[in-house]
Each structure stands twice: as C-alpha cells, then as structure tokens.
Amino acid sequence: MLTLDGLEMIAVLVVMGLFIKVLEQFGMFEPVGGEDSVEDDFELSTVCHRPESMDKLQEQTKFTKKELQVLYRGFKNECPSGVVNEENFKNIYSQFFPQGDSSTYAHFLFEAFDTNKNGSVSFEDFVFGLSIILRGTINDRLNWAFNLYDLNKDGCITKEEMLDIMKSIYDMMGKYTYPTMQDDAPRDHVESFFQKMDRNKDGVVTIDEFIESCKKDENIMQSMQLFDNVI
C-alpha cells in the first residue's frame with residue numbers, strides 16, 4: 001500500500017516509476033538476439049513512421065546501439081504503425097489500473113512525450129524522453145518532471161496545475177493508499193508541496209525552486225537513483 005507521505009513524493013517520481021512498469025510489462029527490457037534483424041526492421045518495416053537510423057539515435061541519446069534495438073523491438077511490437085496516439089497511450093495505462101481512472105494522468109504524460117505537439121509519439125520521441133528519465137543528470141530528470149507539471153508551459157507551476165496533477169494521481173491510485181484518502185486529500189498535498197517548494201511564497205513554483213527543493217529532499221534523491229540501472 002502507498003502511504004500518504006509517499007503520495008507527496010509521488011508528485012515528483014510517479015511519472016518515472018509507473019512508466020518503467022509499463023515498459024517491463026511489454027518486455028522492452030528483455031534481451032533480444034539478432035542485431036541485423038532489428039536493423040532490417042528499421043529499413044524494411046511497412047509503417048506510418050520510420051525512425052531515424054540506429055547510429056543517429058545513439059548519437060542523440062544516452063543509449064547504446066544494443067539498448068536501442070531492445071527498445072525498438074518492444075515499441076514496434078506494441079505500435080506496429082511506428083507511432084502511439086493518445087487513445088492507445090491511455091489504453092496502455094488503463095490495463096494497470098482497472099479499478100481506477102488513469103485517463104487524465106495518461107493525458108498529462110502523453111503531452112510530455114509528444115514534444116512536437118502533433119498528437120502522436122514516435123519512437124524518437126519515446127527514446128529521447130526515456131533517455132532523460134533513465135540516463136539524464138539529476139537536473140535533466142527534474143527539468144523533465146517540471147515540464148510535465150507545468151501544464152500551460154509558462155515556466156512556473158501554479159497550485160491549480162499541481163492540483164490537476166494530484167487529482168489525476170488520486171483518481172488512478174487513491175483506492176490503493178493507506179489510510180484511505182479523503183476527498184480533500186489532493187488539495188492538502190498541494191498545500192504541502194507548495195510549503196516545501198515555493199521558497200519566496202509568491203504562489204507559484206519556478207524551475208529553480210523546484211530543482212533546489214528536490215535536491216534537498218533525501219528521499220527524492222535516493223529514489224531517483226533507482227532508475228540508473230533499469231536497462
């Protein structure tokens with residue numbers, strides 16, 4: 001069960017942890033043989049979107065060629081067209097929370113991966129984001145998380161934005177917390193979040209405040225290290 005204190009930390013970490021579980025479920029971290037066959041997939045697959053070459057993606061991310069091959073095989077198995085739209089993305093998450101509503105949370109996460117804002121996530125979008133989450137510096141990862149929570153992309157997180165995030169997490173996981181959360185729990189956690197993060201008490205959290213506060217939280221720093229050796 002997830003404790004109430006744990007939910008506060010989830011406000012920073014849930015995006016990473018849950019996404020890793022999705023990847024594991026689809027076997028994306030299982031070793032695959034036959035490097036040439038995966039290279040051929042890049043060249044010969046009949047897809048709506050053909051990804052860039054392995055070598056180029058290796059230069060642009062922090063993954064090895066072998067790791068990219070594993071990720072591509074898993075991605076293609078789930079997304080034969082070469083892209084994921086928001087509906088498919090929501091369907092993936094709904095499998096993990098059949099008794100909850102993960103649609104809003106999945107929407108926010110999809111928006112974070114859809115960097116081109118074209119309504120789809122390509123393999124390139126996928127590995128660029130994953131490279132930051134799994135191989136980026138602490139600052140890289142926190143910047144990515146901040147961008148997720150900054151819903152209107154104006155450079156700061158408001159209480160309204162954080163409340164939307166917390167409600168989406170509550171809708172998705174609230175029934176599995178202990179003790180069971182009350183209806184006002186998301187708002188209470190937003191207030192706690194801002195007490196810790198809003199250093200100058202101006203009602204918004206900037207990227208500098210967010211990174212500084214997270215770096216001073218030992219639990220967040222220790223939890224982020226869990227992603228260092230995922231693949």
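**Q** Looking at this structure, how should I read the overall build of the protein chain?
**A** Looking only at helices and strands, the protein chain features 12 helices and six strands. Here the protein chain, with 231 residues, has 48% of them falling under the buried criterion. Restricting to contacts in the protein chain with at least 6 residues of sequence separation, those with at least 24 account for 68%.

**Q** Would you mind showing me how to read the pattern of salt bridges here?
**A** Where side chains of opposite charge bring their charged atoms close, a pairing between them can arise. All chains considered together, the criterion is met by seven salt bridges. D55 is the partner of K65 in a salt bridge, and the nearest nitrogen-oxygen pair spans 3.9 Å. You can see K65 sitting in helix 4 (residues 65-78) and its partner D55 sitting in helix 3 (residues 54-60), a full 10 residues away along the chain. Salt-bridge contacts for E86 lead to K90; the nearest nitrogen and oxygen are separated by 3.3 Å. With E86 and K90 both in helix 5 (residues 86-94) and four residues apart, the pair spans about one turn of that helix. What makes K90 partly exposed here is its relative accessible area of 29%.

**Q** Help me out: how do you make sense of the packing of aromatic side chains in this one?
**A** This model, assessed by the stated rule, comprises nine aromatic pairs. Ring centres of Y149 and F210 lie 6.2 Å apart, and the angle between their planes is 70°; on these two criteria the pair is classed as edge-to-face. Residue Y149 is found in helix 8 (residues 138-149), and its partner F210 is found in helix 11 (residues 207-215); the two are separated by 61 residues along the sequence. Taken as a pair, Y149 and F210 share a single burial class, namely buried. Residue placement shows K159 over the ring face of F194; its charged tip is 5.8 Å from the ring centre.

**Q** Could you clarify how one ought to interpret the environment of K216 in this entry?
**A** Assignment of secondary structure puts K216 in the loop between helix 11 and helix 12 (218-224). A polar atom in the side chain of K216 sits 3.1 Å from the side chain of E212.

**Q** Help me understand helix 9 (residues 159-173) in this model?
**A** Helical geometry note: an α-helix holds 3.6 residues per turn, so side chains three or four residues apart project in the same direction. In a regular helix each residue adds 1.5 Å, so 15 residues correspond to 21 Å; helix 9 covers 20 Å between its end C-alpha atoms and thus fits that length. Listing the buried residues of helix 9 in full gives E161, M162, L163, I165, M166, S168, I169, Y170, M172 and M173.

Criteria and cut-off values
Numbering of residues starts from 1 in each chain and follows the order in which that chain's sequence is written. Thresholds applied to this predicted model are a pLDDT of at least 70 for local features of residues and 80 or more for the giving and counting of side-chain atom pairs; totals over whole chains, interfaces and linings are not thresholded and use all residues. Note: side-chain values were computed over all heavy atoms of the structure, leaving out hydrogens and water. Working definition: helices are DSSP H or I runs of at least four residues, strands are E runs of at least two. Numbering for both runs from the N terminus. With a 1.4 Å probe rolled over the protein chains alone, any residue whose accessible area is under 20% of its type maximum counts as buried; one over 50% counts as exposed, and the rest are partly exposed. The contact rule is simple, with two residues in contact once any of their heavy atoms fall within 4.5 Å. Within this document, salt bridges are pairs made up of a side-chain nitrogen of Lys or Arg and a carboxyl oxygen of Asp or Glu, the two lying within 4 Å of each other. Pairing of aromatic side chains here covers Phe, Tyr and the six-membered ring of Trp, requires ring centres within 6.5 Å, and sorts the geometry by plane angle: under 30 degrees stacked, over 60 edge-to-face, intermediate tilted. Note on geometry: a ring has a charge over it if NZ (lysine) or CZ (arginine) is within 6 Å of the ring centre and within 35 degrees of the ring normal. Pairing of N or O atoms within 3.5 Å defines a polar contact, subject to two protein rules: one partner must be a possible hydrogen donor and the other a possible acceptor, and residues neighboring in sequence count only if both atoms are side-chain atoms. Multiplying 1.5 Å by the residue count of a helix minus one yields the expected span of that helix.

Purely spatial values, then, with no claim about function.
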